[in-house]
Amino acid sequence: MFGNRDDERRGTRTVAAKADPSEHDRVEDERPPGPGDRRSLITGLVLDSGSVSAQELAERFGVSVMTIHRDLDELQRQGVLRKARGVATAQPSGTFESNVEYRRRVNADAKRAIAARAAGLVEPGMSVLVDDSTTAAHLIPHLAELAPLTVATNYLHALTELSRLRDVQVVALGGTYDVQHDSFLGTTCVEAIRSMRFDVAFVSTSAVTAGHAFHQEDRIVAVKREMVAAAERCHLLIDHSKLTRSALHRLLPLEGFTSVIVDSATPREHLARLREHDVPVEVAGDGG
């Protein structure tokens with residue numbers, strides 16, 4: 001449609017051109033996306049770049065800034081992104097946890113390294129509890145080599161991947177499905193965790209500061225606390241980006257975990273602060 005308006009302003013469109021079926025097909029293909037398709041494209045752009053201004057999006061899609069703001073309001077309602085001063089962002093804040101699709105893309109190499117280190121803490125025959133974090137999910141490829149195992153999680157993506165592994169008994173922790181986290185939450189999930197006891201649990205969180213783990217959402221905190229309490233040993237998996245963030249709700253002091261595993265990109269000063277607390281700190285990738 002944008003090309004058609006340009007052509008019409010130049011006076012170059014003719015009756016013959018309008019009658020050309022191939023030209024008609026191109027015109028149809030070039031029509032701007034409707035609201036649903038536009039919001040899907042906006043989501044992809046924001047997840048890829050981390051943040052995009054409303055003005056940039058309006059220019060890109062050839063619509064008004066007000067229309068873009070309506071799109072962003074709806075995407076924010078869905079938990080896909082948040083609006084902040086005319087900018088759409090997928091990045092976390094103290095009260096907003098990023099959409100799971102964005103979290104899967106961020107610091108993926110660091111998360112894989114942390115998960116590989118954590119896999120060394122699993123032995124055949126164990127019962128393993130995995131939370132809905134994208135860091136702990138990287139454990140799954142390693143578990144096939146450690147079977148037989150029993151593995152429980154509330155993370156739908158992890159359940160799908162675990163179902164493909166031989167000699168792994170999969171336990172689904174039910175509850176109310178939350179699309180933003182792709183996981184099951186709420187009272188039902190908490191009660192399911194309380195009804196079991198695990199050899200080891202692996203959890204992550206959004207922020208670590210002042211010797212405590214924090215998360216933006218109290219309903220997530222409730223589930224993670226139960227996971228820690230339900231396991232003989234619980235390991236906190238955090239990449240270096242979590243050490244420069246803040247979040248609203250306190251989860252647990254670091255001493256409440258068996259160990260903390262970080263990646264090798266963690267600055268020395270942050271490692272030193274972690275080691276001030278009564279918990280072993282392991283660095284994935286350097287044998288530290």
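Provided above is the structure to which this section pertains.
Residues numbered from 1 in each chain as written. Predicted model: local features only at pLDDT ≥ 70, side-chain atom pairs only at ≥ 80, totals over all residues. Heavy atoms only, no water.

> I'd love a proper account of the overall build of the protein chain, names of residues and values included.
The secondary structure content of the protein chain amounts to 13 helices and 15 strands. By the burial criterion, 48% of the 288 residues in the protein chain qualify as buried. Within the protein chain, counting contacts between residues at least 6 apart in sequence, those at least 24 apart form 60% of the total. By element, 49% of the accessible surface of the protein chain is carried by carbon and sulfur atoms, the whole surface being about 13,900 Å². (Helix = DSSP H or I, 4+ residues; strand = E, 2+ residues; numbered from the N terminus. Buried < 20%, exposed > 50% of the residue type's maximum accessible area, 1.4 Å probe, protein only. Contact = heavy atoms within 4.5 Å. Areas by Shrake-Rupley, 256 points an atom, 1.4 Å probe, with all protein chains shown as cover.)

> Summarise helix α11 (residues 187-194); cite the residues concerned and give the values.
Along α11, the residues classified as buried are C189, V190, A192 and I193. Across the axial projection of α11, the buried residues extend over an arc of 160°, all falling on one side. When the buried face of α11 is taken as reference, the exposed residues oriented beyond 90 degrees from it are T187, T188 and R194. (Arc of directions from axis to C-beta.)

> Could you give an account of the pairing of strand β12 (residues 231-237), naming the residues involved and the relevant values?
Two faces make up the sheet, and in a regular strand the side chains alternate between them. Counting buried residues along β12, five of its seven residues qualify, which places the element largely inside the surrounding structure. Pairing of strand β9 (residues 198-203) with β12, which is carried by five bridges, proceeds in the parallel orientation. By the bridge assignment, F202 is partnered in β12 with H235. Sheet topology note: the β12/strand β14 (residues 259-263) ladder contains three bridges and is parallel. Its bridge partner being in β14, L237 is matched across the sheet by I261. (Pairing = 2+ DSSP bridges.)

> Which residues make up the packing of helix α4 (residues 35-49) against helix α6 (residues 65-77), and what values do they have?
Two numbers describe how α4 lies on α6: the axes approach to 10 Å, and their chain directions differ by 75°. Taken together, the axes of α4 and α6 are roughly perpendicular relative to one another. Contacts between α4 and α6 involve R38, R39, I42 and T43 from the first element and T67, I68, R70, D71, L72, E74 and L75 from the second. Across the contact of α4 with α6, the residue classes tally to four nonpolar, two polar and five charged. (Axes fitted to C-alpha atoms, helices over the stretch in contact; angles between N-to-C directions. Parallel < 35°, antiparallel > 145°, perpendicular 65-115°, else oblique. Nonpolar A, V, L, I, M, F, W, Y, C, P; charged D, E, K, R; others polar.)

> Can you lay out the nonpolar core for me, pointing to particular residues and giving the numbers?
Ranked by size, the top nonpolar core spans 36 residues in total, and within it L129, L173, I193, V208, L236, F257 and V262 carry the most contacts. Where this core is concerned, the elements lending two or more residues are α11, β9, α12 (218-229), β12, β13 (249-253), β14, α13 (268-274) and β15 (281-284). A total of five residues in this core trace back to one element, the largest contributor, which is α12. Each residue touching L173, except ones within four places of it in the same chain, is listed here: L129, A152, T153, N154, F184, C189, A192, I193, M196 and M227. Core analysis: the second largest hydrophobic core is formed by 27 residues, V100, L139, F202 and L237 among them. (Core = buried A, V, L, I, M, F, W, Y, C linked by side-chain atoms within 4.5 Å.)

> Pulling in residues and values, what's your account of helix α8 (residues 108-119)?
Given 3.6 residues per turn, any residue in an α-helix points the same way as the ones three and four places further on. Compared with an ideal rise of 1.5 Å per residue, which puts twelve residues at 16 Å, α8 spans 16 Å between its outermost C-alpha atoms and is within 8% of the ideal. Turning to α8, its buried residues number three or more, namely A108, A110, K111, I114, A115, A118 and A119. As for α8, its buried residues are in contact with α7 (100-105), α9 (140-143), β9, β12, β14 and β15. (Expected span 1.5 Å × (residues − 1).)

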